[in-house]
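What follows is each chain in one-letter form.
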Amino acid sequence: MFAYELKTGYEQPDSNFNMKGHCMEDFLQVGIIATTHGVRGEVKVYPTTDDITRFKKLKEVILDTGREKLTMEVEEVKFFKQMVILKFRGVDTLDEVTGYRRAGLYVTRDNAVKLEKDEYFIADLIGVEVYDESEKLLGRLEDVITTGANDVYVIRMSDGGELLLPAIKQCILEVDLPGRRMKVHVLEGLL
């Protein structure tokens with residue numbers, strides 16, 4: 001029902017990320033460079049999107065080195081186990097990519113994966129106010145845990161407690177992103 005880029009993809013925004021003319025919510029994280037690969041300027045990327053094949057369609061990414069944001073054209077994409085091997089156009093040596101280790105890779109919302117009905121980017125759900133069926137404020141959605149079966153929403157309760165709510169149709173009744181609110185049904189035993 002819900003997915004990441006991490007639809008609900010972690011494509012999750014970095015709170016420090018900002019490019020001139022854009023607010024941070026315009027960018028979604030699709031990966032983190034883990035290490036270099038070979039001597040041709042390739043990098044191994046840990047994907048933070050739930051659709052690893054989406055890298056095949058990426059034409060460019062925004063590389064956040066911590067010092068600067070660089071728009072990088074993707075020249076080649078390969079897969080190795082759960083990792084993605086990327087080659088950037090014009091980057092041809094090991095020395096050129098050595099400093100990119102742990103750098104985040106981002107896409108603009110225009111380049112994000114398309115969402116199906118009842119799918120949301122996790123970044124958009126974080127901070128949403130959560131109400132029960134009687135319109136009582138339960139708290140705010142603080143995090144999303146991805147599991148094999150379904151996502152689990154971590155809700156920081158108004159009293160400081162924590163509610164782990166499965167992201168299934170029986171529990172998630174309504175999501176109003178423009179209104180920044182969600183209506184839920186809390187299954188017996190979860191509170």
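Data block above holds the structure.
All values reported here derive from a predicted model rather than from experimental measurement. (Residues numbered from 1 in each chain as written. Predicted model: local features only at pLDDT ≥ 70, side-chain atom pairs only at ≥ 80, totals over all residues. Heavy atoms only, no water.)

### Remarks on the overall build of the chain
Worth spelling out the cut-off: Starting at the N terminus, helices and strands are each numbered in turn, a helix being any DSSP run of H or I of at least four residues and a strand any DSSP run of E of at least two. Classification of residues uses two cut-offs on accessible area relative to the type maximum, computed with a 1.4 Å probe and protein chains only: under 20% is buried, over 50% is exposed, and between them is partly exposed. The protein chains shown are the only cover counted for residues, whose accessible areas, like all others here, come from Shrake-Rupley with a 1.4 Å probe.
Looking only at helices and strands, the chain features two helices and twelve strands. Reading the helices (α) and strands (β) of the chain from amino to carboxyl end gives β-β-β-β-β-α-β-α-β-β-β-β-β-β. Counting across all 191 residues of the chain, residues that qualify as buried make up 42%. By element, 48% of the accessible surface of the chain is carried by carbon and sulfur atoms, the whole surface being about 10300 Å².

### Side note on the side chain of Asp64
Along the polypeptide, Asp64 turns up in strand 3 (residues 60-64). The buried category is assigned to Asp64, whose relative accessible area is 10%.

### Quick word on the pairing of strand 6 (residues 104-108)
Going by this rule: Whether two strands pair comes down to DSSP finding at least two bridges between them.
Of all five residues in strand 6, four are buried; the element is thus mostly enclosed. Sheet analysis places strand 1 (residues 27-37) next to strand 6, joined by five bridges and oriented antiparallel. Across the sheet, Leu28 pairs through a bridge with Val107, a residue of strand 6. Pairing between strand 3 and strand 6: three bridges, direction antiparallel. Looking across to strand 6, one finds that Leu63 is bridged to Leu105.

### Comments concerning the packing of aromatic side chains
The condition that has to hold: Pairs were defined over the aromatic rings of Phe, Tyr and Trp, the Trp ring being its six-membered one, requiring ring centres within 6.5 Å. Orientation was assigned from the angle between planes: stacked under 30 degrees, edge-to-face over 60, tilted for the rest. By the criterion adopted, a ring carries a charge over it if an Arg CZ or a Lys NZ lies within 6 Å of its centre and within 35 degrees of its normal.
Counted by the stated rule, this structure contains zero aromatic pairs. When the ring centre of Tyr131 is taken as origin, the NZ or CZ atom of Arg181, which lies over that ring, is 3.9 Å away.

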